[in-house]
Amino acid sequence: MAVGKTVEVNDLCQNLVQALNIVMSLDSQPDQRIEAYKFCEEVKENSPCLTICGRLMSTKTNSAVVRHFGLQLLEHCIKFRWNNMNQEEKLQLKEDVLKIIAEGTLPIMEEEAHIKDVASRLVVEMAKREWPQQWPEMLDELKALCKKGKTQTDLVLLVLVRLVEDVICFNLLPTQRRRDIQQALNVQLGNIFEFICHLLKHHASTFQQLQKNCSSEEQRLEAMAHGQIAKGALRTLAGFLEWVSMSQVMANGSSLLLVLCSLLNNPVLQMDAADALLLILNPKHKNPTAWVRLPRMAKGEDRKPLLMLFNDAAMLSMLQAAESAHEAGLNEKGYLFLKRICQLLVGLGLRLAGIWGVDSKVERPSNFKEFLTSMLAFTNHLSQYLSSLVESMWIIFLQHKIISNDPIMLEFLPQLLQSHTTKIAKCGHPSGDYSPSCQYSRLDFEGDEEFSAFFASYRAQLGECVRLCCRLQPEIAFQIAKDSLLHLLAEPIDTGCSSGQGSGLCTFSSPSFLKWDAMATFLENTMSQLFSALEKKGLGKPPAEEGLAMMRQVLDYNSNDPLVHSSCLSCVSALLPFLSFNSFMLSQVLDKLLNAVTFSLNNDHPPGHNVPINRAVKNLRRHACSSLVKISRDQPELLMCLFENFFTRVKALHLDDRVSGLEKCSLMEALVLISNHFHSYDRQKSFLADILTTAQSIWLSDEWHKALWDPVEFISFVGLDRTPMPDNRDDPTGPRRGQLIYCVNVILGVLKRSRWPSNMETAQAGGFVLYEAVSALPVFRNACMEQVGRMLDDLLGLVRTYHCLWLTENQAHVSEDYRLAFTIMEVEKYTALGLAMPVTNQLEYMRSAVERMQSFLTTLYDTCCHVLGNAGLSLGQEFYKVPRLAESMLDTAWRHLDALPDYRLRSFIKSFLKPFVLNCPAHGFVSVLQPLLPPFMTFMMQSLMKKWQAVEQQATESNPEAEQVDNVQEILDTELTRLLTRDYFDLLCFCVSTKKNMEITGPESEAVKKVAEASKVEMNDGEEPMMATEQSWLPDFSEITELGKFILSNEQMAETLTLTAFHALAWKDGFTAHKSGSYICWAIIKQITLGSLPPESITWMFTCILRGLETHGQHDGCRTVLNNLAFKAYEHLRPMYQEVNDVMKQVPQIALQSLQHYDDWLLNLKGLANTPEKRRRECFKKMLNGVVATNIAQLFHKKVHIPNLPRFIKPPKPAVGIEDMRQEDISLTALFDPRSEGL
């Protein structure tokens, strides 16, 4: 190098060092640091002597920061200048890099980790560009480097693992280079794997020996160096274990598995060894800290070798490691390793379950009992996370045909059930200290919200395990439940507070409540399977006497604590099936439940005093009412015997001031459920008229009629014009709000519970069936139609009034303080933002007056929407035949929808409009839907387009001051717009596209199916949709529904639907674009014929598809849908409209020759038939690549270009001509020679 250039390079290096010092200094000013950054980046991009600077700065005499930057300069050269280098420069750089690794590094325990990382990346980047074609000796050179020292060995291991990660795991290479390198890895895999295993065994054994005989500091450092290499070998091994074949792992007599098991007891190497074993058991389980999942399904021959881990030596190593980690106490590192061992043992158990019974040679392991003992110990561990890991294995074992009947497995079921009686208790919140599990939860979860989400899944696992155990050993399960319940009944109440502290009542963390709650859950899961399990196993009748004795003791148990009393009622509900053996106890059960409806604490005031009630008492009362509803639903025949007595007591409770409106509604629902079994239309109709008398007298009064129809009167009626009262007792309008909620809930309760008989013969005999004069199809009558119909008019008026409340002129009448009641509720806000609600003490939290009013307004509107939505399903065709139904709704529920905020309009769509439209029979399309849908669809189209335009405008405009103030509100508004759009498109998809596997359900399903079967009438969604309820469905829509055809046949609705659906493709919501593109847009395009639409409309539609692809094409899911939509649309429209071809020509970067060739295929029907659709689809997809926008994460990313190298040339097979074949003997005649035994 010339002297002048040397001086220039040295000066540049000094300037770079100064810039780095400025960047890393804490005292540097921001503008200085920015200038230093710019200088460093400018040198990277423009300096011609970058490699020389990199070599000089990376020498080991420099500081770690300078060395790291020097190595980064070399990496930048390889990444971005390699393609412009000549061969000599490449060889020189390669030699420099290998020399740095061989001589330019510090001893292994002194070298910084980030220096090792960037040094290894240099070799990996060169390998990605040169190996194997132009650097075939790379592996040999790496092996030679290992002989230079321990640091070089560690770097070589890093090179191998980084190469595997980039090529196979992260897939960061072009397809051809990836294929070349992966092929070379597969060819050399045996040698590489043997090399890594050799390093592991050698350095691990040396490390363990030096650990035992470590008597000096030098020996300690030597041992640590060997341990560092062993850890590196384990991590490199983990990178290969994710994809290598099982034969490589099990080579040399499974010595690798034995070595890994032996390392589990080494504190330094045990974590990495456990990770490697986890990857062997489940190659796809890349995150060992995640919850255990079922292993990847593989062939039995692949799974079978892993069962060698059940041998005594391997199992002993794992169990000893677990025991040592447990005995070390609660520390984060030891607990993390304990979770690894638990995952390892669970994965091994799942492997055993996957092959036991499949392979006849696989039998019960000799140490299966010790294995189950360890699993039971993990189940009983104080950490609920560890217990949840094991639950997945227990469930698989209990569902396994062979393992579940194994004698050793059956021996453990009583212990497993006994442990679940306590494990099912809801304790262990990270914020608490009332349970030892809380300490472990603080290590596993960030807060109570995350723990609550986990525990819901965990308790479901525990319940499933209890049910499976009960199916296998019902008598033992019942006995354990009985003993636990009797023991709990004899225990005194323990609130967890010392005497003189607290209120003397249990809280959610009190020991007694936790035990009772766990007992109720365990008993419910046991009783749900007991009767069927006893019958299936032929063990005779259920233990009726014991069950009735248990119920008697529970009924005799009295507690003044509302939480314990509520759990006691849950136990009563669980034991209800025993009432079929002794119906005389039903009266005692009713006494217990009805007394709980009026339960009060000793300090509560007597009846007649309007005082706030303890929240726990409220929950208890509602629990009692729910239990009565459950009995009325599940065992109505028992209540029919005591119906008069029950009816009398319920009527008395309706007059009791201590019973709230919601509790009265629940009691009325119980009565309606029982009345369904009168099986007499006239009797049920008369009965419903009787129980609705009170509600109708209030609802239909002149005062209420005026308030329900006049917004200003309504504001005064419910107290919105008053100053909020701190205490609800002082608010004179509070009782009116309570009555209003009561009446609306009564209407909803009667609608939801009143049903005609499911049996056709019973329905006909009871007078529930009328027949249409024309079609002779049955029309079912609901006994509540007349009574509810009288109340629906004013309910529609209430909906109209509610909409008017949001108008400016009516908001002027609302008190200033109460205007906050019209804002979105906190729970809705958190749900819209995708956040978990903060956990609060629900027993102590008291809402403010504004929060109570906000809850009232929200509940009132939601309930009204549910009433109107359930009317079609419950009342059937009678409802849709009501005279002037559409005109009435247009004048009420359809008025002032534009005034509603998004969070209320969602209720209108989901709770009212969707079930109302989907349950409408075909004869109501013209009379009901045709007047209602066009104005609503037009309103939604205009509203959504305006909202999404505002979202786009917010994204493009930037105002820092406003962002600080309105950032949360802006995000909330955007999310509400997104959710409203999704709800609306969900409705449109159900209307337009056929849902496969949709079965007729509901109260008249059986009868209608029989009639349809008898009359050979083929029913579809369009004829009797009122008998179908919402179900989970697969997104596979093949045809247009009858309602969809009706909508597309109406010019106004078809135009509105088309505009909405195609505009939605470009709105910034992938979910909406996916649904619109999959189900609505193609349904519309499929109906287009030649001349049915003007060319301008076709151009606009196809342009919208491409705009959608531009907006969402960066996301794989949406890109696939929109590519398919564009492909289908082009092939359908191109033969009819030249305009779509003109649009395609405007696609950026499109090859016009390819487009012309594609058109030739398409317009030539013969050529189209001979070209596979997959090929056409791929060609079309490539032509649209220019439309797809760049992902925001890649906008400023400097692209790395890795060119392909010449392919490996395989020697061609020698071609044999016909003449040669005639001269040569190719053994064809031998096939027909009976003497050819070899063949």
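Residues numbered from 1 in each chain as written. Predicted model: local features only at pLDDT ≥ 70, side-chain atom pairs only at ≥ 80, totals over all residues. Heavy atoms only, no water.

### Quick notes on the overall build of the protein chain
The secondary structure content of the protein chain amounts to 56 helices and 2 strands. When each of the 1239 residues of the protein chain is scored for burial, the buried share is 52%. Total accessible area computed for the protein chain in this model is approximately 58,400 Å², and 52% of it derives from carbon and sulfur atoms. (Helix = DSSP H or I, 4+ residues; strand = E, 2+ residues; numbered from the N terminus. Buried < 20%, exposed > 50% of the residue type's maximum accessible area, 1.4 Å probe, protein only. Areas by Shrake-Rupley, 256 points an atom, 1.4 Å probe, with all protein chains shown as cover.)

### What about the side chain of R1176?
Turning to its location among the elements, R1176 is positioned in helix 55 (residues 1173-1183). Using a relative accessible area of 9% as the deciding quantity, one classes R1176 as buried. Polar side-chain contacts of R1176 include one of 2.7 Å to the side chain of E1131. (Polar contact = N/O pair within 3.5 Å; in protein donor to acceptor, adjacent residues only side chain to side chain.)

### A short note on the confidence of the model for the protein chain
Confidence in the prediction for the protein chain averages 86 pLDDT; 88% of positions are at 70 or higher. Contacts for the low-pLDDT stretch residues 996-1038, under 50 throughout, to residues beyond four places or in other chains number 85 contacts. (pLDDT = per-residue confidence, 0-100. Contact = heavy atoms within 4.5 Å.)

### Quick notes on unusual backbone geometry
A cis amide bond, omega 5°, links W131 with the succeeding residue P132. Mapping P132 onto the fold places it in the loop between helix 6 (113-130) and helix 7 (138-146). Of note in this structure, R884 is not a glycine but carries a positive phi near 55°. In this fold, R884 is placed in the loop between helix 41 (877-880) and helix 42 (885-891). Accessibility expressed as a relative area gives 61% for R884, which makes it exposed. Phi angles above zero are rare outside glycine, and Q1149 is one such case at about 65°. Looking at the secondary structure, you find Q1149 in the loop between helix 52 (1139-1145) and helix 53 (1152-1163).

### So, a nonpolar patch on the surface
Side chains of M109, L221 and M224 sit close together on the surface and give an oily, nonpolar patch of about 220 Å² of accessible area. Among the structural elements, M224 can be located in helix 10 (residues 217-241). When its relative accessible area of 32% is taken as the criterion, M224 is described as partly exposed. (Patch = residues over 30% accessible without salt bridge, like charges linked within 9 Å, V, L, I, M, F, W, Y side chains within 5 Å. Salt bridge = Lys/Arg side-chain N within 4 Å of Asp/Glu carboxyl O.)

### Comments concerning the pattern of salt bridges
Within this structure, the stated rule accounts for 48 salt bridges. Of the charged contacts in the structure, one is a salt bridge between E546 and K482, with a shortest N-O distance of 3.1 Å. With E546 in helix 24 (residues 544-556) and K482 in helix 22 (residues 474-490), this pair connects stretches of sequence that are 64 residues apart. By relative accessible area, E546 is classed as partly exposed at 30%. Using a relative accessible area of 19% as the deciding quantity, one classes K482 as buried.

### Considerations on the environment of G719
Structurally, G719 can be placed in the loop between helix 34 (711-718) and helix 35 (734-753). Residue G719 is classed as buried on the basis of its relative accessible area, which comes to 1%. Along the sequence, G719 and G734 sit 15 residues apart, while their C-alpha atoms lie 7.8 Å from each other. Leave out the neighbours within four places in its chain, and G719 touches T733, Y818 and M853.

### Some remarks on the packing of helix 33 (residues 702-709) against helix 37 (residues 785-804)
Packed helix pairs are specified by the crossing angle of their axes together with the interaxial distance, meaning the distance between the axes. In contact at an axis separation of 7 Å, helix 33 and helix 37 are set at 40° when each is read in the N-to-C sense. Put simply, helix 33 runs oblique to helix 37. Taking contact as the criterion, the partners of H705, A707, L708 and W709 in helix 33 are, on helix 37, D793, D794, G797, L798, R800 and T801. Of the residues belonging to the contact of helix 33 with helix 37, the class tally is 4 nonpolar, 3 polar and 3 charged. (Axes fitted to C-alpha atoms, helices over the stretch in contact; angles between N-to-C directions. Parallel < 35°, antiparallel > 145°, perpendicular 65-115°, else oblique. Nonpolar A, V, L, I, M, F, W, Y, C, P; charged D, E, K, R; others polar.)

### A word on the packing of aromatic side chains
Under the criterion given, the structure shown has 54 aromatic pairs. For the pair F879 and Y880, a centre-to-centre distance of 5.4 Å together with 75° between the ring planes defines the contact as edge-to-face. Here F879 and Y880 have matching classes, each one buried. Counting every residue linked through ring pairs, the aromatic cluster contains F879, Y880, W894, F908, F912, F916, F936, F939, W948, Y984, F985 and W1067. Between R683 and the ring centre of F678, over which it is positioned, the NZ or CZ distance is 3.8 Å. (Phe/Tyr/Trp six-rings, centres within 6.5 Å; stacked < 30°, edge-to-face > 60°. Lys NZ or Arg CZ within 6 Å of the ring centre and 35° of its normal.)

### Brief notes about the packing of helix 7 against helix 9 (residues 175-212)
One can describe the packing of helix 7 onto helix 9 by two numbers: an axis separation of 12 Å at closest approach and a directional angle of 10°. The orientation of helix 7 with respect to helix 9, classified from their angle, is roughly parallel. For the pair helix 7 and helix 9, the contacting residues are L139, K143 and C146 in the first and Q188, N191, I192 and F195 in the second. Grouping the constituent residues of the contact of helix 7 with helix 9 by class yields 4 nonpolar, 2 polar and 1 charged.

### Focus on the nonpolar core
Formed by 395 residues in total, the largest nonpolar core has its most connected members in W699 and F916. Once residues within four sequence positions are removed from consideration, W699 is found in contact with W704, L708, L740, C743, V744, I747, M791, D794, L795 and L798. (Core = buried A, V, L, I, M, F, W, Y, C linked by side-chain atoms within 4.5 Å.)

### Side note on the environment of T373
Within the fold, T373 resides in helix 17 (residues 368-379). Spatially, the C-alpha atom of T373 lies 8.2 Å from that of F412, the residues being 39 residues apart in sequence.

### Structural notes on the state of the cysteines
With the rule as written, the count across this model stands at 0 disulfides. Cysteine C865 remains unbridged, with the sulfur of C864 as its closest cysteine sulfur at 6.9 Å. When its relative accessible area of 2% is taken as the criterion, C865 is described as buried. (Disulfide = S-S within 2.5 Å.)

### Structural notes on helix 53
Spanning 12 residues, helix 53 covers 16 Å between terminal C-alpha atoms, matching the ideal 16 Å at 1.5 Å per step. Listed in full, the buried residues belonging to helix 53 are L1155, Y1158, D1159, W1161 and L1162. Taken end-on, helix 53 shows its buried residues confined to a sector of 155°, consistent with a single buried face. (Expected span 1.5 Å × (residues − 1). Arc of directions from axis to C-beta.)

### A look at the side chain of D406
With respect to the element layout, D406 can be found in the loop between helix 18 (384-399) and helix 19 (407-423). Taking relative accessible area as the criterion, D406 reaches 7% and is therefore assigned buried. In terms of polar contacts, D406 uses its side chain to reach the backbone amide nitrogen of I408, at 3.1 Å. Beyond its immediate sequence surroundings of up to four residues, D406 is in contact with W356, R364 and F368.

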